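# What the coordinates show
Okay, here's what each chain looks like letter by letter:
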Amino acid sequence: MSVAIIGAGCTPFGRYHGTTVRAEAVRAVRLALGDAGIAWSDIDYAVGGSLSGGSADSLVSELGLTGVPFINVLNGCATGSSSLLSAVHAIESGAARRALVLGFDSHPRGAFTISTGQMGLGRWYGTTGMAVTAQFFALKIQRYLHEHDLPPRLLSAVAAKAFHNGSLNPNAWRRKALTAADIENSAMLVDPLRQFMLCSPGDGATALVLCAAETAKRYRPDPVYIRAVAVRTRRPGSFEVLSPSLSIRPGHSPTVDAAAAVFEQAGIAPAEVGLAQVQDTDAGAEIIHLAETGLCAHGEQTELIDSGATALDGRLPINTDGGCLANGEPIGASGLRQIHENVLQLRGTAGAHQVARDPGVALSHVYGAPGLSGCTLLTR
Amino acid sequence: MDNPVDPTLMDLADGRLRLRGGRCAACDEIHFPVGTACPRCGGDDIRVEPLADEGVLWSWTVQRFPPPSPPYVPSAAEFTPFGLGYVELPGQVIVESLLTECDPARLHIGMPMRLVEFSVPTESGETAVTFAFTPWEGHAS
Ligand SMILES: [Zn+2]
């Protein structure tokens with residue numbers, strides 16, 4: 001427990017009209033600095049990234065030319081986790097005292113267009129219609145439901161929870177609650193996933209301010225402590241997005257490795273987690289990631305979801321701010337949005353979407369192409 | 001016969017289509033299509049070998065919205081839904097493939113599948129041969 005979060009800032013996610021991704025990134029930084037009660041000139045290390053929104057370090061022209069070292073990170077869906085890890089290392093090593101971590105992004109409407117060449121795939125894979133990330137999510141949950149004998153109705157239940165939580169979160173993109181029936185009636189896009197079971201690429205910005213744990217209470221009475229951060233890439237036999245073939249010798253997802261690493265580093269057991277934000281690019285991903293992170297056993301999701309355990313008033317609330325389903329997925333900002341939400345929940349200041357039970361430990365988890373995962377454990 | 005969509009994917013020999021797999025000399029892992037290194041151990045001694053043309057359906061979906069074009073060749077106006085899945089070739093590898101079937105009622109995990117030629121449009125406006133798997137009704141799993 002050597003690094004603490006003393007400031008968190010997030011601006012509304014969605015589709016930017018009348019503002020720009022750079023303006024929102026600067027606004028998120030100012031919110032985080034204001035939350036920590038410090039100035040930009042107090043920051044002596046900055047790190048952040050964006051896939052499509054520009055270089056994070058170029059924002060110094062709006063934030064102020066303080067000469068601060070500012071590192072750009074781009075690591076897919078783990079851009080936020082990787083930036084956070086870099087800042088934690090800088091503070092732990094003594095190289096920095098107060099660090100800023102920033103994630104922001106803005107993507108065009110519709111499914112992500114995959115460049116087969118950049119992903120090491122042949123042209124044929126794209127021209128014949130196989131370079132579509134949604135297909136992976138469909139194929140993975142289809143196999144998972146079969147292997148673990150889970151009913152497809154869990155997908156509607158997960159999506160309905162996401163939109164309910166999003167309706168209570170003023171920063172969410174989708175603010176309209178939807179019932180399981182609304183979701184069941186939406187168009188089937190990639191069986192078994194329907195329109196409201198898949199998140200959309202979108203716009204968003206989030207920033208955090210970190211300092212050494214022993215100095216945290218100088219800034220605020222309720223710091224949140226980073227107990228562990230881990231980023232892992234895939235190992236042999238895992239089932240990843242954009243894979244023309246899979247091994248018949250199965251291995252596990254990088255999520256399993258990243259989650260196991262944070263629990264071991266922190267000396268915390270999965271059973272101690274009081275709430276979690278897990279990657280829900282689609283409703284099926286939330287179901288799978290509950291087990292891959294160790295929060296439940298494979299096959300146990302039916303009981304967990306049917307019992308209401310994953311709702312805001314349950315024993316293990318999941319994706320309490322509406323997750324990617326209600327917030328969309330700006331790649332660079334998504335992971336830090338999860339951390340921002342866990343910080344609010346641990347402080348007890350999440351407002352209408354505050355969980356009912358007092359959480360002591362919060363997990364966040366991202367997963368993305370080409371097979372990497374980042375996990376973070378926070379405590380009060 | 002049309003040209004293959006990519007000559008490294010398959011061989012059309014004696015009128016019979018076979019996918020070209022790569023076997024790692026160091027760890028025996030098979031991958032498809034043949035790459036320059038083994039995805040399990042990184043070994044670069046890769047031997048090409050033909051893959052089985054029969055297998056079982058490992059997972060499936062139906063692509064019901066037009067994939068972004070490009071890279072997908074048919075335009076949104078020409079798009080029709082298509083089946084897609086992974087087929088396990090026992091003892092070898094699990095390959096991702098177009099399916100000739102896109103009716104969910106006729107697709108289930110574990111069903112026997114057989115490799116067939118499949119015609120697809122190309123960027124130059126012609127057609128080419130790629131591979132697909134088709135349900136193999138005559139064969140009990
Ligand atoms: Zn090998």
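Above: the structure in question.
A few points on the structure.

Here is what the cut-offs are and how they apply
- Sequence positions are assigned chain by chain, starting from 1 and proceeding in written order.
- For this description, chains carry letters from A and ligands carry numbers from 1, given in the order in which they are written.
- Restriction of local features to residues with pLDDT of at least 70 applies here, the model being predicted, together with a cutoff of 80 or more for giving and counting side-chain atom pairs; totals for whole chains, interfaces and linings are based on all residues.
- Processing note: side-chain calculations cover all non-hydrogen atoms of the structure and skip hydrogens and water entirely.
- Space inside and on the surface of the protein is sampled on a 1 Å grid over the protein atoms alone, with a cavity defined as a set of points where a 1.4 Å probe fits but cannot get out and a pocket as an open set with protein on both sides within 12 Å along at least 5 of 7 lines; lining residues have an atom within 4 Å of a point.
- Grid points are joined across faces, edges and corners, and a volume is the space filled by probe spheres set on the points.
- Residues are grouped as follows: Ala, Val, Leu, Ile, Met, Phe, Trp, Tyr, Cys and Pro are nonpolar; Asp, Glu, Lys and Arg are charged; every other residue, Gly included, is polar.
- In this description, contact between two residues means that some pair of their heavy atoms is separated by no more than 4.5 Å.
- Put simply, buried area is how much 1.4 Å-probe accessible surface two parts lose in total, over both of them, once they are put together.
- Basic side-chain nitrogens of Lys or Arg form a salt bridge, by our definition, when they fall within 4 Å of a carboxyl oxygen of Asp or Glu.
- Think of a polar contact as two N or O atoms within 3.5 Å of one another; within protein, one of them needs to be a possible hydrogen donor and the other a possible acceptor, and neighboring residues in sequence only count if both atoms come from side chains.
- Secondary structure counts use DSSP, requiring at least four H or I residues in a row for a helix and at least two E residues in a row for a strand, with both numbered from the N terminus.
- Sites may look incomplete, because water is not among the atoms used; the donor set itself consists of N, O and S atoms within 2.8 Å of the metal (3.2 Å for Na, K and Ca).
- Irregular is the label for any site that misses the other tests, which are tetrahedral for four donors with all angles between 85 and 135 degrees, and square planar for four donors or octahedral for six when opposite donors exceed 155 degrees and the remaining angles lie between 65 and 115.
- Each residue gets one of three labels from its accessible area relative to the maximum for its type: buried under 20%, exposed over 50%, partly exposed in between, using a 1.4 Å probe on protein chains only.
- Strands are labelled as partners when DSSP assigns at least two bridges between them.
- Lines fitted to the C-alpha atoms define the axes, with helices restricted to the stretch that makes contact. Angles between their N-to-C directions range from 0 to 180 degrees.

## Brief notes about the layout of surface pockets
One simple way to see leftover space: roll a probe sized like a water molecule over the atoms. In this structure, the second largest pocket spans a volume of roughly 780 Å³. Looking at the second largest pocket, it is lined by 33 residues, and the ones nearest its centre are Arg 234, Ser 243, Pro 244 and Ser 245 of chain A together with Pro 39 of chain B. Split by residue class, the lining of the second largest pocket holds 17 nonpolar, 10 polar and 6 charged.

## Here's the deal with the interface of chain A and chain B
In this assembly, 35 residues from chain A lie in contact with 45 residues from chain B. Roughly 3500 Å² is buried in total at the junction of chain A and chain B, and carbon and sulfur atoms are behind 61% of that figure. When the area that chain A buries against chain B is broken down by residue, the three leading residues are Trp 124, Leu 139 and Ile 248 of chain A, summing to 19%. The interface formed by chain A and chain B holds 3 salt bridges in total. Between Glu 123 of chain B and Arg 123 of chain A there is a salt bridge whose closest N-O contact spans 2.1 Å. Across the chain A-chain B interface, the total number found is 20 residue pairs in polar contact (both at pLDDT 80 or more).

## Side note on the pattern of salt bridges
All names here are of chain A. Summed over the entire model, instances satisfying the criterion amount to 25 salt bridges over all chains. The shortest N-O distance in the salt bridge between Arg 22 and Glu 62 comes to 3.2 Å. Pair noted here: Arg 22 is in helix α1 (residues 21-36) and Glu 62 is in helix α2 (residues 60-63), with a separation of 40 residues, a long-range link. Asp 222 serves as the salt-bridge partner of Arg 220, at 2.6 Å between the closest nitrogen and oxygen.

## Observations regarding the coordination of the zinc ion
Residue and element names in this part refer to chain B. With distances of 2.3 to 2.4 Å, the protein atoms coordinating the zinc ion are Cys 24 (SG), Cys 27 (SG), Cys 38 (SG) and Cys 41 (SG). For the zinc ion, the 4 donor atoms in the first shell make angles of 102 to 118° at the metal, a pattern classed as tetrahedral. Read N to C, the donor residues that coordinate the zinc ion are spaced as C-x2-C-x10-C-x2-C. Of this pair, Cys 27 sits in the loop between β2 (16-24) and β3 (30-31) while Cys 38 sits in the loop between β3 and β4 (46-50), and the two are 11 residues apart along the sequence.

## Some points on unusual backbone geometry
Residue Pro 192 of chain A follows Asp 191 of chain A across a cis peptide bond; omega there is 5°. Inspection of the secondary structure puts Pro 192 of chain A in the loop between β5 (188-190) and β6 (193-194). In this structure, the amide linkage connecting Phe 32 of chain B to the following residue, Pro 33 of chain B, adopts the cis form with an omega of -10°. Note that Pro 33 of chain B resides in the loop between β3 and β4. The backbone phi angle of Asn 319 of chain A is positive, close to 50°, even though this residue is not glycine. Tracing the backbone shows Asn 319 of chain A in the loop between α10 (301-306) and α11 (323-327). Unusually for a residue other than glycine, Asp 28 of chain B sits at a positive phi of about 75°. Position of Asp 28 of chain B among the secondary structure elements: in the loop between β2 and β3. With a relative accessible area of 47%, Asp 28 of chain B lands in the partly exposed category.

## Focus: the sheet that holds strand β11 (residues 361-368) of chain A
All names here are of chain A. Taken in spatial order, the 9 strands of this open sheet run β3-β2-β4-β7-β1-β8-β12-β11-β10, and their pairing is mixed. Looking at strand neighbours, the two that pair on one side only are β3 (70-72) and β10 (275-278), the edges of this open sheet. For this sheet, the mean inter-axis angle between neighbouring strands, taken without regard to orientation, is 20°. One ladder, built from 9 bridges, connects strand β1 (residues 3-14) with strand β7 (residues 203-212); its direction is antiparallel. Bridge pairing in β7 places Ala 8 opposite Leu 208. Contacts from α1 reach β1, β4 (98-106) and β7 within the one sheet, and its direction differs from that of β1 by about 145°.

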